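Examination of the molecular architecture
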Amino acid sequence: MRKLKFKHVYIVLKKELKDIFRDKKTWIVTILLPALFIPIMMYIVIGGAESISEQKISETKIAIIDEGNNAKFINYLKSTGISIVTGLQNPKESLEKGDIRAIVVIPSDFDKNIEEGKNADLTIQVDMSNMKSSNAENMIRGLIKEYANNIVKERLIAKGIDPKILDPIEVKTENIASQSKMAGSFLAFIVPMLLTLWTATGGMGAAVDLAAGEKERGTLEPLLTTSASRLSIMAGKYLAVTTMALISAIASLLGLFASFSLNKDMASLNADFRLSTTAIVVMFVAAFFTASIFAALELALSAYAKSFKEGQTYISPLMFIAIIPAYLVMYKMPNEIPISYFAIPVFGTISIFKELLYGIINMTHIGIFVFSSIVYVAISIYIAALMFKQEWALFRV
Amino acid sequence: MVEVIGLTKVFKNIKAVDNLSFKVEEGEIYGLLGENGAGKTTTLRMLATMLKPTSGTAIINRKDLIKKPEEIRKEVGILFGGESGLYDRLTARENILYFAELHDMDKEEADKKIDILARKFDMTEFIDRPAGKLSKGMKQKVAILRSIIHDPKVMLFDEPTSGLDVGSVREVHDFIRFCKEEGKTIIFSSHSMSEVEKLCDKIGIIHKGKLIEEGTIKDLKEKYKTDNLEELFMELVGEKIEV
Ligand SMILES: Nc1ncnc2c1ncn2[C@@H]1O[C@H](COP(=O)(O)OP(=O)(O)OP(=O)(O)O)[C@@H](O)[C@H]1O
Ligand SMILES: [Mg+2]
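About the criteria used
- Residues numbered from 1 in each chain as written.
- Chains lettered and ligands numbered in written order.
- Predicted model: local features only at pLDDT ≥ 70, side-chain atom pairs only at ≥ 80, totals over all residues.
- Heavy atoms only, no water.
- Pairing = 2+ DSSP bridges.
- Helix = DSSP H or I, 4+ residues; strand = E, 2+ residues; numbered from the N terminus.
- Axes fitted to C-alpha atoms, helices over the stretch in contact; angles between N-to-C directions.
- Contact = heavy atoms within 4.5 Å.
- Near = heavy atom within 4 Å.
- Polar contact = N/O pair within 3.5 Å; in protein donor to acceptor, adjacent residues only side chain to side chain.
- Areas by Shrake-Rupley, 256 points an atom, 1.4 Å probe, with all protein chains shown as cover.
- 1 Å grid on protein atoms, 1.4 Å probe; cavity = no way out; pocket = protein on both sides within 12 Å on 5 of 7 lines; lining within 4 Å.
- Sits in = over half its atoms within 2 Å of the grid points.
- UniProt positions renumbered as here; feature names shortened; annotations may be inferred.
- Expected span 1.5 Å × (residues − 1).
- Buried < 20%, exposed > 50% of the residue type's maximum accessible area, 1.4 Å probe, protein only.
- Arc of directions from axis to C-beta.
- Domains from an automatic or database assignment.
- Points joined across faces, edges and corners; volume = space filled by probe spheres on them.
- Nonpolar A, V, L, I, M, F, W, Y, C, P; charged D, E, K, R; others polar.

Residues and elements named next belong to chain A. One open sheet accounts for four strands, arranged 2-1-3-4; its pairing is mixed. Of all the strands in the sheet, the pair left with one neighbour each is strand 2 (83-85) and strand 4 (123-126). The sheet shows a mean angle of 35° between the axes of neighbouring strands, direction not considered. The pairing of strand 1 (residues 61-66) with strand 3 (residues 102-106) spans five bridges and is parallel. Among the inter-strand pairings, Ile62 is bridged to a residue of strand 3, identified as Ala102. Contacts from helix 3 (residues 71-80) reach strand 1, strand 2 and strand 3 within the one sheet, and its direction differs from that of strand 1 by about 175°. Against the sheet, helix 6 (residues 131-158) engages strand 1, strand 3 and strand 4, with an angle of about 165° to strand 4.

What follows is the structure, given as structure tokens:
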């Protein structure tokens with residue numbers, strides 16, 4: 001009765017996977033959703049940011065209303081590469097329609113005033129209700145500022161003063177990170193969290209169905225009277241849940257890599273970013289351990305639950321166990337992660353993912369993580385097995 | 001043959017089954033009659049090795065329930081509840097095959113057996129359809145087939161007709177009689193005397209986990225000098241409630 005028989009484990013596993021995959025919901029929740037989650041998020045975040053900063057200077061259309069003959073300033077504007085639209089009947093209407101982003105109105109004596117060392121003024125007409133138009137305003141202000149700076153410099157030089165006097169402190173920022181390191185840091189920020197989340201949630205549906213659902217359907221009783229021991233049944237179900245969790249995690253990883261190769265801005269990062277084979281293997285092992293721990297705990301809770309609904313209620317809080325550590329580790333740099341984290345469930349997983357994505361392969365950390373994980377996996381499987389033997393849990397009234 | 005010896009089950013503070021003893025011979029149908037909460041399901045669950053008895057045991061085909069639970073499982077088939085559960089996304093055949101395989105049957109052999117039994121029980125038309133798409137009556141037939149696929153010598157039925165329509169009830173009754181003809185030892189629980197009277201060779205009335213009366217239908221009628229066993233049952237159980 002207590003014996004583990006691999007043949008039975010295999011029969012249960014095979015049946016459960018067949019059963020699970022015949023459910024369309026499974027495909028959506030465990031594969032499609034994790035796979036599409038990152039690409040969609042990236043599309044929204046990057047795509048959104050892009051459509052605003054997309055305003056390359058050459059693509060920003062403006063009109064100029066010259067009230068005099070200010071060829072010098074207009075030539076400067078032309079030299080910046082900004083797209084100047086000419087021959088508009090009604091520039092204001094074009095601005096309202098969004099055909100152009102801004103109108104620069106130059107008073108008749110603009111060039112003259114500057115030449116004479118006087119102050120000059122200028123009007124920029126924009127449509128502030130339009131993001132792109134208000135961005136164009138910033139862009140034009142920048143251009144004018146540059147023009148003004150040059151004028152100041154010229155005037156100072158004319159008076160025999162070194163223009164450097166204007167910038168007593170010069171700040172230079174040098175980015176020493178390579179492209180791949182930057183890509184890594186972005187990945188290291190988001191991937192551990194998502195991976196852990198999907199390994200935790202990927203098996204939930206299956207876990208609820210495979211124990212609590214079995215009770216609700218009334219299939220548990222005949223199942224328990226077959227020759228298969230409870231341990232074998234539990235083991236088969238546990239492997240099925242782990243498989244689903246891993247499939248989710250892998251789907252989310254594939255989604256991530258797909259979005260990297262599809263997005264043109266991301267592709268340049270991707271080209272520089274390479275995970276070593278060792279890192280990939282360790283990542284897979286780490287995902288497997290984490291999926292195992294969650295699968296066993298989810299199954300234990302599900303075995304306790306009386307119904308499908310009760311099972312969901314017990315299991316969903318496990319998600320926070322994944323999210324909170326992920327959040328706590330998310331903002332830490334690899335060198336800030338305390339060594340003890342590698343020995344704590346979930347914290348360890350996220351920390352390992354983070355290091356690997358930064359290209360760090362620290363055998364001590366991996367050792368601590370693997371060893372402690374084996375202990376946790378053993379404990380969680382023990383709990384699940386215990387639950388499957390408890391008649392007060394399986395036959396609750 | 002099943003011999004129940006002093007079987008007792010205590011949940012936290014309830015004695016669900018209290019020192020129950022009875023004997024059922026091969027080819028005999030034993031009716032376990034009792035009201036809600038009398039301890040019928042608990043008794044049958046213990047005999048099917050799902051629950052461990054607090055004390056007492058049973059000898060099933062010369063094997064001890066406590067000492068050899070694994071062997072007992074090969075001897076026992078169960079049909080619990082009127083709406084026996086199936087895996088909706090598996091076909092009827094796959095449902096049955098799953099249990100057959102877990103009973104250590106050879107898959108091909110089990111498959112052949114399913115074909116034979118499906119013909120016998122008039123199920124060929126839907127045996128390869130997903131269980132979720134079957135009618136209640138069809139599902140019940142699948143559950144029945146599943147319960148005998150490993151050819152158990154002892155059949156345990158726990159209120160197998162509850163919630164079924166008249167036609168399905170008759171099919172279940174026919175199936176129980178079929179099991180009797182096959183020489184199986186049958187224990188059948190119900191809270192309806194009329195159902196038990198129709199089917200059973202011997203009746204045991206349990207109340208609050210205790211066996212309060214036992215005998216063949218003829219014995220009971222003679223002992224209490226009445227033809228109305230339904231009334232007798234109410235009387236026996238009612239009496240005990242007042243105590
Ligand atoms: N797992 C359990 N834990 C605690 N008490 C239980 C458990 N199973 C049954 N009981 C209690 O044991 C008693 C007998 O229950 P049982 O289900 O065996 O009765 P029954 O005769 O099958 O009743 P019914 O006709 O309602 O099915 C009841 O009081 C019930 O509440
Ligand atoms: Mg009952």
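What follows covers the site of ligand 1. In the neighbourhood of ligand 1, 14 residues make up the surrounding shell, with Phe395(A), Gly37(B), Lys40(B), Thr41(B) and Thr42(B) lying closest. What surrounds ligand 1 is not a single chain but chains A and B. At a separation of 2.7 Å, an oxygen atom of ligand 1 approaches a polar backbone atom of Gly37(B). In the model, an oxygen atom of ligand 1 is placed 2.8 Å from a nitrogen or oxygen of the Lys40(B) main chain. When ligand 1 sits alone it has 630 Å² of accessible area, and the protein chains cover 74% of it. With respect to the pocket detection grid, ligand 1 is positioned in the largest pocket.

All names here are of chain A. According to UniProt, the feature "transmembrane region" (unreviewed entry) maps to residues 27-46, 186-208, 238-260, 280-301, 313-333, 339-361 and 368-388 in the numbering used here. The span residues 313-333 shows a helical share of 76% and a strand share of 0%, and its end C-alpha atoms are spaced 35 Å apart. Counting secondary structure, residues 368-388 comes out at 100% helix and 0% strand; the distance between its end C-alpha atoms is 30 Å.

On to helix 4 (residues 107-120) of chain B. All names here are of chain B. Along its 14 residues, helix 4 runs 20 Å from first to last C-alpha, staying within 8% of the 20 Å computed at 1.5 Å per residue. Turning to helix 4, its buried residues are Ala110, Ile114, Leu117 and Ala118. The arc that holds the buried residues of helix 4, viewed along the axis, is 100°, so those residues lie on one side. Facing away from the buried side of helix 4 by over 90 degrees, the exposed positions are Glu108, Lys112, Ile116, Arg119 and Lys120. If you follow the buried residues of helix 4, they end up packed against helix 3 (92-102) and helix 5 (136-148).

For the rest of this paragraph, the subject is the domain arrangement of chain A. Domain boundaries assigned for chain A yield domain 1 (6-41 + 180-394) and domain 2 (60-166). Averaged C-alpha coordinates put domain 1 of chain A and domain 2 of chain A at centres separated by 58 Å.

Here we take up empty space enclosed by the protein. If you walk through the whole model with that rule in mind, you get three cavities of 30 Å³ or more. Empty space within the largest cavity amounts to approximately 80 Å³. Every residue along the wall of the largest cavity is listed here: Pro222(A), Thr225(A), Thr226(A), Val76(B), Gly77(B), Ile78(B), Phe99(B), His103(B), Arg146(B), Ser147(B) and His150(B). Those elements that place two or more of their residues in the lining of the largest cavity are strand 6 (76-80) and helix 5 of chain B. A breakdown of the residues in the lining of the largest cavity according to their chemical character gives four nonpolar, six polar and one charged. If you go around the second largest cavity, you meet 14 residues; those closest to its centre are Ile293(A), Pro345(A), Val346(A), Thr349(A) and Ser373(A). For the lining of the second largest cavity, the secondary-structure elements that each account for two or more residues are helix 12 (277-304), helix 15 (347-357) and helix 16 (363-389) of chain A.

Turning our attention to the environment of Thr30(A). Residue and element names in this part refer to chain A. Examined against the element boundaries, Thr30 turns out to sit in helix 2 (residues 24-53). Along the primary structure Thr30 and Leu297 are separated by 267 residues, whereas in three dimensions their C-alpha atoms are 18 Å apart. The residues contacting Thr30, other than those within four sequence positions of it, are Gly202, Met244, Ile247, Ser248 and Ala251. Among the polar contacts listed, one links the side chain of Thr30 to the backbone oxygen of Thr26, at a separation of 2.4 Å.

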